[in-house]
Amino acid sequence: MSGPVPIANSLEDIYTRDALDTQTKRWNNLLSKFESTYGHQPEFVSRSPGRVNIIGEHIDYSLYSVLPMAITADTIIAVSTHLPAPKEGTFRIQIANVQDSKFKSREFDILYDSVDIDATVHEWTNYFKSGLRGALELLRKKHGADFKPKSMQILMDGTVPAGGGLSSSAAFVTASALAVMAANGEQTVDKKELTELAIVSERAVGVNSGGMDQSASVFSERGSALFVSFTPTLLARPVSFPPTTPELTFLIAQSFVTADKFVTGPIHYNLRVVECTLAAAYLNAVLNPPGTLLPGDASPLGISLHGFHETYFALSEHNSGATSSKSITEQLEHLLELTKQTLTKEEGYTRSEIAAVLGLPSTSELDQKFTSRFPVRAERFKLRQRAIHVFSEALRVLKLMDLLETSSSSSSSSSSSSSSTTSTAEDLNSRLGALLNETQDSCREVYECSCEEIDRICAIARQAGSYGSRLTGAGWGGCSVHLVPADKVNNVKEALEREYYSKLELTEEQREGAVVVSKPGSGSALYLGG
Ligand code: NG1
Ligand code: MG
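None of these values were measured; they are calculated from a predicted model.

It is worth spelling out the site of ligand 1 at this point. Residues in close proximity to ligand 1 total 18 residues, the closest being Ser-167, Ser-209, Gly-210, Gly-473 and Ala-474. Those elements that place two or more of their residues in the shell around ligand 1 are helix 3 (168-183) and helix 5 (212-219).

A word on the environment of Ser-168. Along the polypeptide, Ser-168 turns up in helix 3. Expressed as a C-alpha distance, the spacing of Ser-168 and Asp-213, which sit 45 residues apart in the sequence, is 9.2 Å. In contact with Ser-168, other than residues within four places in its own chain, are Gly-50, Gly-158, Val-160, Pro-161 and Ala-162.

Time to look at the UniProt feature "domain: GHMP kinase N-terminal" (unreviewed entry) in the protein. Under the present numbering, the feature "domain: GHMP kinase N-terminal" (unreviewed entry) in UniProt falls on residues 133-220. Regarding residues 133-220, the helix share stands at 53% and the strand share at 8%, and the terminal C-alpha atoms are separated by 24 Å.

Bringing the packing of helix 2 (residues 125-143) against helix 4 (residues 191-202) into the picture now. The N-to-C vectors of helix 2 and helix 4 enclose an angle of 130°; their axes lie 8 Å apart at closest approach. When the axes of helix 2 and helix 4 are compared, the pair comes out oblique. As helix 2 packs across helix 4, the resulting crossing turns out to be right-handed. Judged by residue contacts, Ser-130, Gly-131, Arg-133, Gly-134, Ala-135, Glu-137 and Leu-138 of helix 2 engage Glu-193, Leu-197, Ala-198, Val-200, Ser-201 and Glu-202 from helix 4. Along the lines of polarity and charge, the residues of the contact of helix 2 with helix 4 split into five nonpolar, four polar and four charged.

Bringing the UniProt feature "domain: Galactokinase N-terminal" (unreviewed entry) in the protein into the picture now. Using the residue numbers shown here, the UniProt feature "domain: Galactokinase N-terminal" (unreviewed entry) corresponds to residues 33-80. Spanning residues 33-80, this segment combines 12% helix with 54% strand, and its end C-alpha atoms are found 13 Å apart.

Moving on: the pairing of strand 2 (residues 44-55). Of all the 12 residues making up strand 2, 12 are buried; the element is thus mostly covered by neighbouring parts of the structure. Here strand 2 pairs with strand 15 (residues 525-527) via three bridges, running antiparallel. Each residue of the ladder has a partner; that of Ser-46, found in strand 15, is Leu-526.

Below, the discussion takes up the nonpolar core. Ranked by internal contacts, the top residues of the largest apolar core, which has 139 residues, are Ile-154, Leu-178 and Ala-279. Shared between two domains, this core holds at least three residues of each, these being domain 1 (5-242 + 520-529) and domain 2 (268-383). Discounting residues that sit within four places of it in the chain, Ala-279 has contacts with Leu-305, Leu-343, Leu-383, Arg-386 and Ala-387.

Read from one edge to the other, the open sheet built from four strands follows the order 12-13-9-14, with strand pairing classed as antiparallel. Because the sheet does not close on itself, it has two edges, and the strands there are strand 12 (468-472) and strand 14 (515-518). Taken over all neighbouring pairs, the strand axes of this sheet differ in orientation by 25° on average, direction set aside. One ladder, built from seven bridges, connects strand 9 (residues 248-254) with strand 13 (residues 479-485); its direction is antiparallel. Bridged to Ala-253 within strand 13 is Ser-480. Taken strand by strand, helix 14 (residues 452-463) contacts strand 9, strand 12 and strand 13, and its axis lies near 155° from that of strand 12. Strands in contact with helix 15 (residues 489-499) are strand 9, strand 13 and strand 14; relative to strand 9, the strand with the most contacts, it is inclined by about 10°.

As far as domains go, the protein holds domain 1 (5-242 + 520-529) and domain 2 (268-383). Here the C-alpha centroids of domain 1 and domain 2 sit 34 Å apart. Contacts between domain 1 and domain 2 engage 12 residues on the former and 14 residues on the latter. Of the residues assigned to the side of domain 1 that touches domain 2, the class counts are five nonpolar, six polar and one charged.

Reading across from one edge, 1-15-2-3-6-4-5 is the order of the seven strands in this open sheet, with mixed pairing throughout. Bordering the open sheet on either side are strand 1 (7-8) and strand 5 (106-111), each of which pairs with just one other strand. Alignment of strand 2 against strand 3 (residues 67-80), held across 10 bridges, turns out to be antiparallel. If you follow Arg-47 over to strand 3, its bridge partner there is Ile-76.

Omega for the peptide link from Thr-231 to Pro-232 comes to -5°, which places this bond in the cis form. Within the secondary structure layout, Pro-232 lies in the loop between strand 7 (225-229) and strand 8 (235-239). With an omega dihedral of -10°, the bond running from Thr-245 to Pro-246 counts as a cis peptide bond. Positive phi outside glycine occurs at Glu-448, with the angle close to 50°. Summarising the element assignment, Glu-448 is placed in the loop between helix 13 (418-446) and helix 14. Notably, Trp-476 is not glycine yet its phi reads approximately 55°, a positive angle. Structurally, Trp-476 is set in the loop between strand 12 and strand 13.

Let us now look at the environment of Ala-285. By secondary structure assignment, the location of Ala-285 is in helix 7 (residues 269-287). For Ala-285, a count of 19 C-beta atoms within 10 Å corresponds to the partly exposed category. For Ala-285 and Tyr-61, which are 224 residues apart along the polypeptide, the C-alpha to C-alpha distance reads 20 Å. Beyond its immediate stretch of four places on either side in the chain, Ala-285 contacts Val-357, Leu-358 and Gly-359.

In the contact formed by helix 4 and helix 5, the axes pass within 9 Å of each other and the chain directions differ by 150°. Viewed along their axes, helix 4 and helix 5 adopt a mutual orientation that is roughly antiparallel. Between helix 4 and helix 5 lies a crossing whose hand is right-handed. Only Gln-214, Ser-215, Val-218 and Phe-219 of helix 5 make contact with helix 4, whose side of the interface consists of Lys-191, Leu-194, Thr-195, Ala-198, Ile-199 and Glu-202. Residue classes in the contact of helix 4 with helix 5 are distributed as five nonpolar, three polar and two charged.

Cut-off values and rules
- Residues numbered from 1 in each chain as written.
- Chains lettered and ligands numbered in written order.
- Predicted model: local features only at pLDDT ≥ 70, side-chain atom pairs only at ≥ 80, totals over all residues.
- Near = placed C-beta within 6 Å.
- Helix = DSSP H or I, 4+ residues; strand = E, 2+ residues; numbered from the N terminus.
- Contact = placed C-beta atoms within 7 Å.
- UniProt positions renumbered as here; feature names shortened; annotations may be inferred.
- Axes fitted to C-alpha atoms, helices over the stretch in contact; angles between N-to-C directions.
- Parallel < 35°, antiparallel > 145°, perpendicular 65-115°, else oblique.
- Left-handed = near helix turned anticlockwise from the far one by under 90°.
- Nonpolar A, V, L, I, M, F, W, Y, C, P; charged D, E, K, R; others polar.
- Buried ≥ 20, exposed ≤ 12 C-beta atoms within 10 Å, placed from the backbone.
- Pairing = 2+ DSSP bridges.
- Core = buried A, V, L, I, M, F, W, Y, C linked by C-beta atoms within 7 Å.
- Domains from an automatic or database assignment.

Rendered as structure tokens:
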């Protein structure tokens, strides 16, 4: 699945047939608006989609594998480099948005080697700048320190709703980084390099994010979900859901509760990242031999629950009862038990309790190590609950993959009668759905990242025929995903309209976009025109 980002020759290479008409109009609008803004045509367009996560929530930053898929909604960026540099040692970025009343045009003159991003202000172009910064680092690595970035004129159009859990940010950052690479003569952009730079550079915008969104945005292939693993290195491979009659669909329903990580990071997202990291350090201090250091890794704070997991079993001779010959599933089950025995405090742990166990002289060392990059606000850290969620969610991802893999091998080898095929399909769908429902329970009860509105949406959808319903993305609002057989889609839509959306004040546009059935879409692409 690695290799270069594909070059699209036409929109048919990018979108599914049902989306072509709308997308053609939208792209034409982008191109003509580019011309009216800058007085000439763009040289190319870069494109990167949003994603929905099927399972594996809030475990990417602990470096456990996840299963997202790309959606049709995306960011497209038209680019021209016909702009002279403003003065020696600098380049110029002119950037505009198709939605210009909401996102104002900007112009920046930037020194070759310093892209400043002020993450304390909420500014739409920060996402472009973070992609720019990451791409320039890569370009400098390739071409040497005196590399001269090109000036760029940019017009962008994004259809992934912001703060909606569908990862508008990753779509924008990856499309931006790709655009910068291409503008500087690199039309062959390695998917893995692009993803890794986007993961790191998105952190410059103020969120300690994991790597799921950028991976899904770059690597996805039309028609397939994507299994992404982060260790020992980033790997992504397409995964198919079994063809069933009626067809299984993914329905995405907005809650219209905007969860803005930029605002609530210190009590929600960034706090969870800190809690998981502290849980890893705490478990390591208590369960591994004194002085054991967790390996530095690609997680946001450099050590992770996955790193603890591996270290613990690697030291299995010391840790009697832990044998490295256990399967990963058995290891995770073992870790769940250990967590329950070790982290007994339901009410959470104070800074001084944690500092004492980690052998740190004071809580200021603890803060320095774990909370200085992004501030968090909490008196107590719920290490027990967060670790339980992570290990159990990592297990659910494996169980779901197992169901998919055994079903595809049995459906190709059996020649069962159609009625038993139907019941097996029904059974499989219920089991897949049950795992999604368990994820939602864990997100609500244990990880505390759901909200009342999402819980209500899930209950309504299940009642109306969804096999499994849960929040998707960071949570605390945003979007939900539902596994629904095609013949129940209308039922679920109507129930949501009647029991949820009709009670909100929504614009026509919001109402239309509230529920969409999304087919797995393709990942990043460059369109060179012609
Ligand atoms: P959203 O909020 O949907 O962009 C976030 C993180 C992911 C992952 C999920 C939870 C960013 C860019 N993305 O997704 O890495 O941790 O939450 O599973 O912060
Ligand atoms: Mg995001």
